[in-house]
Amino acid sequence: MQLLGIAGSLCGVKRLLLVLLAALALPASALAWGGSYPTGDTLGSFVNIQVSDSYPVDQALPQDWATYLGTLLHGAEMSRLTLNLVPENVVQATCGAQALACYDPNRQAIWASPEDQLNEPPAKEVVTHEYGHHLANSSDDAPWAALDYGTKRWSSYENICAKAAAGTASPGDEGTHYFQNSGEAFAESYRVLNLEKQGQATPGWDIVDHSFFPDATALKLLEQDVTTPWKGPTQATLHGSFGSGVVRTFAVKTALDGSFAAHLVAPTKAKMQLALYNGGTLVARGGTIRFQVCGERSLTLKVQRVSGRGAFSLFVTRP
């Protein structure tokens, strides 16, 4: 079990660390008070906030954080989050040396200090990044893990699949290719989106490669992923027939990356073949075709009549 943590250094926020949960050594009283607090959002969300006994009991502290979280772009996943507010030394003991905060996808929990750290981004900005991980962890980007690739529309627009294949994105890589980690790029894009909505014109971008910096379209699609999450593949039925001729062609738009499939149902007394083309390149042939869309935004299906005539149907599934 692993934690995603945001770390600081003399150069500011530089990287996110992975540490084993088994290494946690929190004292039993480290989280001594807290509870469920209203965020004040239009969804009527509540969020679980636990506070270290290092801080005197003052309900204004967790309520202030709950209210802030309620201002972030979010959905129902908010109510599944636990925010643990602890001193910075406990953050580092939990998340790793020099860490500013971290997120545990299995517990759906953030560990962070409520206090701003010297020469580092404000504490609430750090937690905004970590909430981006929580949002991704609660999202579907099948066949990939959104925690590593980002949410469906954002990752498709940013061509994370194609970049991963080319070696310019490294989903989930917390080591040598950390700066190409698309999961961290997503969390940073989520932070930028919220900061811009809060009125910051030029949010910083320090912990992943600048090639991931989101443009206006990327931010718009990310917001759509939050407000209207992708629910899974869509299905459509295409129809055609042969009276004469030998080929029928269908152009299929593929706006999102993911799993594509097509199945041909031909008349009983006819023989027909189905083929899938990417541009002018044949990529698959058969009665049922499966293909992983990875940057292609249009595909072509061709039905060829070998013998017989009549109507046929194509059952198409696309992301």
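Please read all numbers here as calculations on a predicted model, not as lab measurements.

Caption draft 1: A look at the pattern of salt bridges. Applying the stated criterion to the full structure yields nine salt bridges. Among the salt bridges present, the one from Lys 197 reaches Glu 223, with a minimum N-O distance of 3.3 Å. Here the residue Lys 197 occupies a position in helix α7 (residues 182-197), and Glu 223 occupies one in helix α8 (residues 216-227), the gap between them amounting to 26 residues. Via salt bridges that share partners, Glu 125, Glu 188 and Arg 191 belong to a single interconnected network.

Caption draft 2: Spatial organisation of empty space enclosed by the protein. On inspection of all chains with the given rule, the structure shows one cavity of 30 Å³ or more. Computed from the structure, the largest cavity encloses a volume of approximately 60 Å³. Glu 88, Leu 100, Ala 112, Ser 113, Glu 115, Asp 116, Gln 117, Glu 120, Pro 121, Ala 123 and Val 126 together form the lining of the largest cavity. Across the lining of the largest cavity, the residue classes tally to five nonpolar, two polar and four charged.

Caption draft 3: Main features of the state of the cysteines. For the structure on display, the rule yields two disulfides. Each sulfur of the disulfide joining Cys 95 and Cys 102 lies 2.0 Å from the other. Every disulfide takes its handedness from the sign of the S-S torsion; for Cys 95 and Cys 102 that torsion is -60°, giving left-handed. Residue class for Cys 95 comes out buried when judged on its relative accessible area of 1%. On the accessibility criterion, Cys 102 (0% relative accessible area) is buried. At a sulfur-sulfur separation of 2.0 Å, the disulfide partner of Cys 161 is Cys 294. Taking the torsion about the S-S bond as the criterion, the Cys 161 to Cys 294 disulfide, at about -115°, is left-handed. You can see Cys 161 sitting in helix α6 (residues 160-166) and its partner Cys 294 sitting in the loop between β13 (288-293) and β14 (298-307), a full 133 residues away along the chain. Cys 161 sits in the buried class, given a relative accessible area of 10%.

Caption draft 4: The packing of helix α3 (residues 123-137) against α7, seen in detail. Relative to each other, α3 and α7 sit at 120°, their axes nearing to 8 Å. The angle between α3 and α7 falls in the class oblique. For the pair α3 and α7, the sense of crossing is right-handed. Across from Glu 125, Thr 128, His 129, Tyr 131, Gly 132, His 133, Leu 135 and Ala 136 in α3, the residues of α7 making contact are Gly 183, Glu 184, Phe 186, Ala 187, Glu 188, Tyr 190, Arg 191, Asn 194 and Leu 195.

Caption draft 5: Up close: the layout of surface pockets. Considering only enclosed or pocket space, the largest pocket measures out at about 220 Å³ in volume. In terms of lining residues, the largest pocket is bounded by 15 residues, among which Glu 77, Ser 138, Ser 139, Asp 225 and Pro 229 are the most central. Considered class by class, the residues forming the lining of the largest pocket number five nonpolar, four polar and six charged.

Caption draft 6: Quick look at the side chain of Arg 191. Inspection of the secondary structure puts Arg 191 in helix α7. Arg 191 gets classed as buried once you look at its relative accessible area, which sits at 5%. In this structure, Arg 191 is in contact with Glu 125, Thr 128, His 129, Pro 203, Gly 204 and Trp 205, ignoring residues within four places of it in sequence.

Caption draft 7: Structural context of the sheet that holds β14. What the four strands build is an open sheet, ordered β9-β14-β11-β12; its pairing is antiparallel. A strand with exactly one partner marks an edge of an open sheet, and here the two such strands are β9 (247-253) and β12 (281-285). With direction set aside, neighbouring strand axes in the sheet form an average angle of 30°. As defined by bridge partners, β9 adjoins β14 across seven bridges and the pair is classed as antiparallel. Paired with Thr 249 across the bridge in β14 is Lys 302.

Caption draft 8: Fine view of the packing of aromatic side chains. Enumeration according to the criterion identifies eight aromatic pairs in this entry. Here the aromatic rings of Trp 144 and Tyr 149 are separated by 5.4 Å at their centres, their planes lie at 20°, and the arrangement is stacked. Three or more aromatic residues link up through ring pairs in this structure, and these residues are Phe 242, Phe 250 and Phe 312. The ring of Trp 65 has Lys 124 sitting right over it, with the charged end atom 5.6 Å from the ring centre. Taking NZ or CZ as reference, Lys 302 lies 4.8 Å from the ring centre of Tyr 277, over its face.

What counts, and where the lines are drawn
- Residues numbered from 1 in each chain as written.
- Predicted model: local features only at pLDDT ≥ 70, side-chain atom pairs only at ≥ 80, totals over all residues.
- Heavy atoms only, no water.
- Salt bridge = Lys/Arg side-chain N within 4 Å of Asp/Glu carboxyl O.
- Helix = DSSP H or I, 4+ residues; strand = E, 2+ residues; numbered from the N terminus.
- 1 Å grid on protein atoms, 1.4 Å probe; cavity = no way out; pocket = protein on both sides within 12 Å on 5 of 7 lines; lining within 4 Å.
- Points joined across faces, edges and corners; volume = space filled by probe spheres on them.
- Nonpolar A, V, L, I, M, F, W, Y, C, P; charged D, E, K, R; others polar.
- Disulfide = S-S within 2.5 Å.
- Buried < 20%, exposed > 50% of the residue type's maximum accessible area, 1.4 Å probe, protein only.
- Axes fitted to C-alpha atoms, helices over the stretch in contact; angles between N-to-C directions.
- Parallel < 35°, antiparallel > 145°, perpendicular 65-115°, else oblique.
- Left-handed = near helix turned anticlockwise from the far one by under 90°.
- Contact = heavy atoms within 4.5 Å.
- Pairing = 2+ DSSP bridges.
- Phe/Tyr/Trp six-rings, centres within 6.5 Å; stacked < 30°, edge-to-face > 60°.
- Lys NZ or Arg CZ within 6 Å of the ring centre and 35° of its normal.

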